[in-house]
Amino acid sequence: MLLRCGWELTVEAKADISAREQWSSRTAFVLAAVGATVGIGNIWRFPYLVGEYGGAAFILVYLGCLAVFGLPLMIAEVAIGRRSRLNPVHGFRYLATETSGSPAWLLAGLMGIVATLCILPLYSVVAGWTMAYLVRTASGILVGVTGDGARSIFNALISDPEKLFGWHTLFIVSLTLVAARGVRQGLERAVRVLVPGLFLILLSLLAYSWGGDALQRALDFMLAADFEAVTMAGMLAAMSQAFFTLSLGMGALMIYGSYLPGDASIIRSTASVVLIDTLMAIMAVLAVFPIVFSSGLSVAEGPGLVFQTLPVAFGRMGGGMILGSAFFLLLLFAAWSSGLSLMEPAVAWLVESGVLGRGWAAVVVGLIVWLLGIGVVMSFSAWSFEFTFADEVRTGGLFDVLDILSASILLPLGGLAVALFAGRTLSRKLMAEEIGGGEGLGFWVWYGLIKYVVPVGVVVILLRAVGGI
Ligand code: PFF
């Protein structure tokens, strides 16, 4: 037993844990981090936000948020992870005490783990919808479906707990099996298949969409920079999307960074991840929009875009069964590789606390998420309830509670913690050493952003989320 209550870490325990597994190479880290970042956020959320908030104008604001907030925070998270070579809870505590900061910093790691446990059940249930739609498109049920038909099929699915329960269970069991096998045998092997798979499916969808003249309409829509549509709400949506898509503030990249080989460049690795994540999101838009336009439908339908508008488009087009199946498989792969990264912080924490072995740790985390997921499964049927948050009435029960708690509150709070820790608690020298490349201009730009700009931006998101501004 390395330590008893999960907080304290003896020198021997730290040395023992530090000899733990690592990714086999920098490329393996990039693949895993791309798997973590490219998710439902890229394939579902990003296209509908672009549709809703004015095409290129929204994309420009979003790119700005990635550069000013996203990349600096990702560098910080990965650097903290690699410096500590520990899970987020012990990692924050260890580095804080090493630099005479407060041991209470472990709460930041704990908050990240709570956030992952809130988001994973949502992810699992949406992955369940995706699996259900994969079966539906592949079996031809959606051929010729009308808008009303698609809406009632979707509503019937989300209010059918038995079906959702089955899909949710399957998703969690598959994540648990991979997590139980460890970093190289489990996570790395999975992402080596999933991430190239994601890329190939997306490329084939693009190739198909680009065949018709609808591409021109999609490009016209995207490139007509409608700056009026990017309201304050749009700018904040761009900022939260930058956080969500890069999986920041939850310890997921911290734990992945803690497995990064010591000689790999953090700047190059994280810049590749941000670039690929952005590319995949834009590719998703360029694949989805022409499909929607070619059926004469609108891309500004909000969250219904993927599960209500796209099925109608697939149902109307030749080859829609194959195309639709490929699309939902893409979404499933994306959800799966992100789901793995959401489990890892909690699993690693249990293992490194000396409480459980890897297999049992994965089972316990899987079980917690599965139980929470049951509440989410029932959110649109028997256990639905209504509440008001930041002046908005929500009807999605536990689904909405977990969504607000994680995406709007815990995620920005986690980002704030990382920015304050990297920019203020840890010394500049230590960060420069870990990031590498010395204290050149690039480092100073990063340092200025993480110390001053990122905290302000995150506080704005937080205040907005709770209805404070
Ligand atoms: N980045 C993922 C997406 O865009 O869907 C979501 C996510 C995964 C957020 C993992 C946080 C995380 F730790």
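Look up: the structure comes first, before these words.
As the structure is a prediction and not an experimental result, all values here were calculated from the model.

Regarding the site of the ligand
Residues in close proximity to the ligand total 14 residues, the closest being Thr37, Gly41, Tyr123, Phe244 and Ser247. With respect to the ligand, the backbone of alanine 36 contributes an N or O atom lying 3.5 Å from a nitrogen atom. A distance of 2.9 Å separates a nitrogen atom of the ligand from a polar atom in the backbone of phenylalanine 244. Taking 340 Å² as the accessible area of the ligand by itself, protein coverage stands at 100%.

Examining helix α5 (residues 88-98)
The buried count for α5 comes to eight of 11 residues, which makes it a mostly enclosed element. Residues of α5 that are buried sit in contact with α4 (56-84), α6 (106-139), α12 (252-258), α15 (320-352) and α17 (397-425). Capping of α5 at its N-terminal end is provided by asparagine 87; its side-chain oxygen lies 3.0 Å from the backbone amide nitrogen of valine 89. Just beyond α5, the residue with positive phi is serine 100, at close to 50°.

Digging into the side chain of threonine 270
Within the secondary structure layout, threonine 270 lies in helix α13 (residues 266-294). Judged by its relative accessible area of 0%, threonine 270 falls in the buried class. Only 3.2 Å separates the side chain of threonine 270 from the backbone oxygen of isoleucine 267, close enough to count as a polar contact. Threonine 270 has contacts with Leu71, Met74, Ile75 and Val78, leaving out every residue within four places of it along the chain.

Here we look at the layout of surface pockets
Empty space within the largest pocket amounts to approximately 1,600 Å³. For the largest pocket, the lining is made up of 48 residues, of which Arg45, Tyr48, Arg394, Asp403 and Ser408 are closest to its centre. Mapped onto the lining of the largest pocket, the elements with two or more residues apiece are α3 (40-52), α6, α7 (147-158), α11 (232-245), α14 (304-316), β2 (392-394), α17 and α19 (441-465). Of the residues forming the lining of the largest pocket, the biggest block, nine residues, is contributed by α17.

Details of the nonpolar core
Membership of the largest hydrophobic core comes to 171 residues, with the highest contact counts inside it found for Phe58, Trp129, Phe307, Phe327 and Trp446. In terms of residue count, α6 provides more of this core than any other element does, 20 residues in total. Sequence-distant contacts of phenylalanine 307, that is, excluding residues within four places in its chain, are made with Trp44, Val126, Trp129, Thr130, Tyr133, Phe154, Phe328 and Leu331.

Quick word on the packing of aromatic side chains
Applying the stated criterion across every chain, the model contains 34 aromatic pairs. With a centroid separation of 6.0 Å and 15° between ring planes, the pair formed by phenylalanine 92 and tryptophan 105 is classed as stacked. With a gap of 13 residues between them, phenylalanine 92 in helix α5 and tryptophan 105 in the loop between α5 and α6 connect regions that are remote in the sequence. A single burial state applies to phenylalanine 92 and to tryptophan 105, both of which are buried. In this structure, arginine 45 is placed above the aromatic ring of phenylalanine 244, and the distance from its NZ or CZ to the ring centre is 5.2 Å.

A look at empty space enclosed by the protein
In this structure the tally under the stated criterion is three cavities of 30 Å³ or more. Along the walls of the largest cavity sit 17 residues, with Ala36, Tyr123, Phe244, Ser247 and Leu342 positioned nearest its centre. Residue assignment for the lining of the largest cavity shows that the elements contributing at least two residues are α2 (26-37), α3, α6, α11 and α15. Classifying every residue of the lining of the largest cavity gives nine nonpolar, eight polar and no charged.

Parameters and conventions
- Residues numbered from 1 in each chain as written.
- Predicted model: local features only at pLDDT ≥ 70, side-chain atom pairs only at ≥ 80, totals over all residues.
- Heavy atoms only, no water.
- Near = heavy atom within 4 Å.
- Polar contact = N/O pair within 3.5 Å; in protein donor to acceptor, adjacent residues only side chain to side chain.
- Areas by Shrake-Rupley, 256 points an atom, 1.4 Å probe, with all protein chains shown as cover.
- Buried < 20%, exposed > 50% of the residue type's maximum accessible area, 1.4 Å probe, protein only.
- Helix = DSSP H or I, 4+ residues; strand = E, 2+ residues; numbered from the N terminus.
- Contact = heavy atoms within 4.5 Å.
- 1 Å grid on protein atoms, 1.4 Å probe; cavity = no way out; pocket = protein on both sides within 12 Å on 5 of 7 lines; lining within 4 Å.
- Points joined across faces, edges and corners; volume = space filled by probe spheres on them.
- Core = buried A, V, L, I, M, F, W, Y, C linked by side-chain atoms within 4.5 Å.
- Phe/Tyr/Trp six-rings, centres within 6.5 Å; stacked < 30°, edge-to-face > 60°.
- Lys NZ or Arg CZ within 6 Å of the ring centre and 35° of its normal.
- Nonpolar A, V, L, I, M, F, W, Y, C, P; charged D, E, K, R; others polar.

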